[in-house]
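In case you want the letters, here they are:
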Amino acid sequence: MQTALQTHPHHLASTPSWPCAEDLQHKGHSGVNQLGGVFVSGRPLPDHTRQKIVELAHSGARPCDISRILQVSNGCVSKILGRYYETGSIRPRAIGGSKPRVATAEVVARISQYKRECPSIFAWEIRDRLLQESVCTNDNIPSVRSQTMELK
């Protein structure tokens, strides 16, 4: 059974054959998107599709053309290319799990110091001071919730 991708005029010979919706039924809730592409709900796009998106972009194809050729939404193409240009990786981000703890011993000590100096200090004030005093950066500043958890 040929897919729309294999019969498309922009088809590249190295493109792998695509699974049909029936082949994916046992892998989760699958379906066909508005472009006719097969997807598995809640799961990342396969690596070979991600690689093909990057290859087509490198060869000069516009994101809207890549979307039509690979039967993947414009938003998905843009997100994958954006991450690729930013990080150099085509891999999806982790699904679920917990974030690494950002409140180091130094940060916890500084928060405790601020609370001792001014018991009524607000969490946003603590965050501002941690940034102003270069204890943290915007990338590793603890959230209000994690500050509260650290002080319990």
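Residues numbered from 1 in each chain as written. Predicted model: local features only at pLDDT ≥ 70, side-chain atom pairs only at ≥ 80, totals over all residues. Heavy atoms only, no water.

This is how the line gets drawn: UniProt positions are given in the numbering used here, feature names are shortened, and annotations may be inferred rather than shown by experiment.
Looking at an unreviewed UniProt entry, the chain carries the name Paired box protein Pax-6, with the source organism given as Frankliniella occidentalis. Under the UniProt heading Subcellular location (unreviewed entry), the entry covering the chain gives this text: "Nucleus". Quoted verbatim from the Sequence similarities (unreviewed entry) field of UniProt, the annotation for the chain is "Belongs to the paired homeobox family."

### Let's talk about the packing of helix α3 (residues 63–70) against helix α4 (residues 74–87)
Note the following rule: Every axis corresponds to a line fitted to the C-alpha atoms, with the helix fit spanning only the stretch in contact, and the corresponding angles, defined between N-to-C directions, vary from 0 to 180 degrees. Counting from the N terminus, the helices are the DSSP runs of H or I reaching at least four residues and the strands are the DSSP runs of E reaching at least two. Throughout, a crossing is termed right-handed when the near helix is turned clockwise from the far one, and left-handed when it is turned anticlockwise from it by less than a right angle. A contact between two residues is defined here by any heavy atoms of the two lying within 4.5 Å. Charged residues are taken to be Asp, Glu, Lys and Arg, nonpolar residues to be Ala, Val, Leu, Ile, Met, Phe, Trp, Tyr, Cys and Pro, and polar residues to be all remaining types, Gly included.
Direction vectors running N to C along α3 and α4 enclose 120°, while the axes themselves pass 9 Å from each other. At the point where α3 passes α4, the crossing takes the right-handed sense. For the pair α3 and α4, contact is made by P63, C64, I66 and S67 and by N74, V77 and L81, respectively. The residue makeup of the contact of α3 with α4, split by class, is five nonpolar, two polar and no charged.

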